[in-house]
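For reference, the chains in residue letters:
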Amino acid sequence: RIEVPTQRASGAPVETDATRMCALLVGLPDVNVRGVDDTDPTAPLRVHIETTAEMAGCSSCGTRARLKDRRPVALVDLAAFGRPAVLVWHKRRWCCPDADCEVKTFTETAPRIAAPRARVSDRAGRWMTAQVGRAGRPVTDIAVELGCDWHTVMDAVRSYGAPLIEDPGRIGDVTALGLDETLFARTGARKTRCWCTSIVDVTNPAQLLDVVEGRTAKAPTDWLEARSDEWRAGISWGVLDLSGPYRKTFTDTLPAATQVADPFHVIKLANSRVDECRRRVQNETLGHRGRKDDPLYKSRRLLTKVHERLDEK
């Protein structure tokens, strides 16, 4: 027999009610734990809960509603004790006794437990979003850890992540804006390349503001035009990779910003011009492309070698 202490070392009382202890372990406010289903060790734990609400008013007329039945809703929850867990919320269905009321029946809601028509609990959805968005974990890893489908995790990340991205307060004042293209994916039988454009605040520390589809001028131009005139007026520098479409974007939407090219693409462009000049001189003097014994062909790497790698010779 184990004696449970009734007070902590600090003198505060210790919870001894079994139902309340289960509710504290579940970590949700104002719920009753009806039971835990652990019949199959290979299956997720199923924790059955219900809210403590005993009455509700009709959302239309305000009349005290009458309990009709309960409908269990299974929600993917955070792992418990190293095992996947499912939160089974026994939702109450209420009916309005007023015959003239347009609302005949309605189901209780508790956003702190789960959003309406959600397949994951609220805390699990927020945790998924933080793990995928902030920690950079693959969606597959999260799905395996929680014992659910890939689409369940991805739907939750979209649902919780979209308001964070679209929040106007997330983007503060920007003085230097950068545009850069990225190969996003290869799709179809022909592995067609799909590009996206990253819109970045390049001030220190750099921050990714948004990602738009394609690498043309239209998508970033539309994104910038959706910002306020005051916000765009604060941008003094436009950073790009010598891309024609991006140059057009800055010229059309931020005419007062000074356009700056990053060093990598400047050096790459300079080296390509040196190569073009070498090949042109090769054809003009010898009448053919470079061969292994031609001096200009043998010096092709030397002409574009970085200064610190050159020796005295």
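Structure first, text after, so check above.
Residues numbered from 1 in each chain as written. Predicted model: local features only at pLDDT ≥ 70, side-chain atom pairs only at ≥ 80, totals over all residues. Heavy atoms only, no water.

A. Region of interest: the state of the cysteines. On inspection of all chains with the given rule, the structure shows zero disulfides. Looking at the unpaired Cys96, the closest cysteine sulfur is the one in Cys61, lying at 3.5 Å. On the accessibility criterion, Cys96 (10% relative accessible area) is buried. We note that Cys194 lacks a disulfide partner, and the nearest cysteine sulfur, in Cys196, lies 9.7 Å from it. Taking relative accessible area as the criterion, Cys194 reaches 27% and is therefore assigned partly exposed. (Disulfide = S-S within 2.5 Å. Buried < 20%, exposed > 50% of the residue type's maximum accessible area, 1.4 Å probe, protein only.)

B. Spatial organisation of helix α8 (residues 263–286). The end-to-end C-alpha separation of α8 is 34 Å, in line with the 34 Å expected for 24 residues at 1.5 Å each. Just downstream of α8 lies Gly287, where phi reads positive at about 75 degrees. (Helix = DSSP H or I, 4+ residues; strand = E, 2+ residues; numbered from the N terminus. Expected span 1.5 Å × (residues − 1).)

C. Structural detail: the pairing of strand β7 (residues 192–201). As judged from the ten bridges shared by strand β6 (residues 176–187) and β7, these two strands associate in the antiparallel manner. The partner of Leu177 across the bridge, within β7, is Asp201. Where β7 meets strand β8 (residues 207–213), six bridges bridge the pair, whose relative direction is antiparallel. Along β8, the bridge assignment pairs Asp201 with Gln207. Between β7 and β8, which pair antiparallel and follow one another directly, the connecting turn spans five residues. (Pairing = 2+ DSSP bridges.)

D. Region of the structure containing the pattern of salt bridges. The tally for this structure, following the rule as stated, stands at 14 salt bridges. Across the pair Glu145 and Arg137 runs a salt bridge whose closest N-O atoms are separated by 2.9 Å. Connected via shared salt-bridge partners are Arg119, Asp155 and Arg158. (Salt bridge = Lys/Arg side-chain N within 4 Å of Asp/Glu carboxyl O.)

E. Local environment of a nonpolar patch on the surface. Residues Leu242, Val266, Ile267 and Leu269 make up a contiguous nonpolar surface patch of about 310 Å² in total accessible area. Relative to the assigned elements, Ile267 resides in helix α8. (Patch = residues over 30% accessible without salt bridge, like charges linked within 9 Å, V, L, I, M, F, W, Y side chains within 5 Å. Areas by Shrake-Rupley, 256 points an atom, 1.4 Å probe, with all protein chains shown as cover.)

F. How the structure looks around the environment of Trp237. Counting through the fold element by element, Trp237 comes out in strand β9 (residues 237–240). By relative accessible area, Trp237 is classed as partly exposed at 43%. When neighbours within four sequence positions are excluded, Trp237 is seen to be in contact with Thr175, Ala176, Leu177, Ala257, Thr258 and Val260. (Contact = heavy atoms within 4.5 Å.)

G. Geometry of the packing of helix α2 (residues 122–133) against helix α4 (residues 150–166). It is the contact of α2 with α4, at a shortest axis distance of 8 Å, that shows an interaxial angle of 80 degrees. Relative to α4, the element α2 lies roughly perpendicular. Every residue of α4 that contacts α2 at Asp122, Gly125, Arg126, Met128, Thr129 and Val132 is listed here: Val153, Ala156, Val157, Tyr160, Gly161 and Leu164. Each residue belonging to the contact of α2 with α4 can be placed in one class, and the counts come to seven nonpolar, three polar and two charged. (Axes fitted to C-alpha atoms, helices over the stretch in contact; angles between N-to-C directions. Parallel < 35°, antiparallel > 145°, perpendicular 65-115°, else oblique. Nonpolar A, V, L, I, M, F, W, Y, C, P; charged D, E, K, R; others polar.)

H. Molecular detail of unusual backbone geometry. Residues other than glycine seldom take positive phi values, yet Phe81 does so here, at roughly 55 degrees. Among the structural elements, Phe81 can be located in the loop between β3 (66–80) and β4 (83–95). The class for Phe81 is exposed, based on a relative accessible area of 77%. A positive phi angle, close to 55 degrees, is found at Lys191, a residue other than glycine.

I. Here's a closer look at the packing of aromatic side chains. As enumerated under the stated definition, the model contains one aromatic pair in all. Here the basic side chain of Arg227 rests over the ring of Trp223, its NZ or CZ set 4.3 Å away from the ring centre. (Phe/Tyr/Trp six-rings, centres within 6.5 Å; stacked < 30°, edge-to-face > 60°. Lys NZ or Arg CZ within 6 Å of the ring centre and 35° of its normal.)

J. Spotlight on the nonpolar core. Membership of the largest hydrophobic core comes to 17 residues, with the highest contact counts inside it found for Val174, Leu177, Ile199, Leu209, Trp223, Trp231 and Leu254. Secondary-structure elements contributing two or more residues to this core are β6, β8, α5 (218–225) and α7 (244–253). The element contributing the most residues to this core is α5, with three residues. The residues contacting Trp223, other than those within four sequence positions of it, are Ile171, Ile199, Leu209, Asp210, Val212 and Trp231. By size, the runner-up hydrophobic cluster in this structure holds 14 residues, among which are Met128, Ile142, Leu146 and Met154. (Core = buried A, V, L, I, M, F, W, Y, C linked by side-chain atoms within 4.5 Å.)

K. Representation of the sheet that holds strand β10 (residues 258–261) within the structure. Taken together, the five strands give an open sheet; going across it, the order is β8-β7-β6-β9-β10, and neighbouring strands pair in mixed fashion. Every interior strand has two partners, whereas the edge strands, β8 and β10, have only one. Within the sheet, the average angular offset between the axes of one strand and its neighbour, ignoring direction, is 30 degrees. Pairing geometry for β6 and β9, over three bridges, is parallel. When the sheet's bridge partners are listed, Leu177 is paired in β9 with Gly238. Lying on the sheet, α5 is in contact with β6, β7 and β8; it crosses β8 at an angle near 125 degrees. In this fold α7 packs onto β6, β7, β9 and β10, with an angle of close to 145 degrees to the strand it touches most, β6.

Scope: geometric values only; no functional claims are made or implied.
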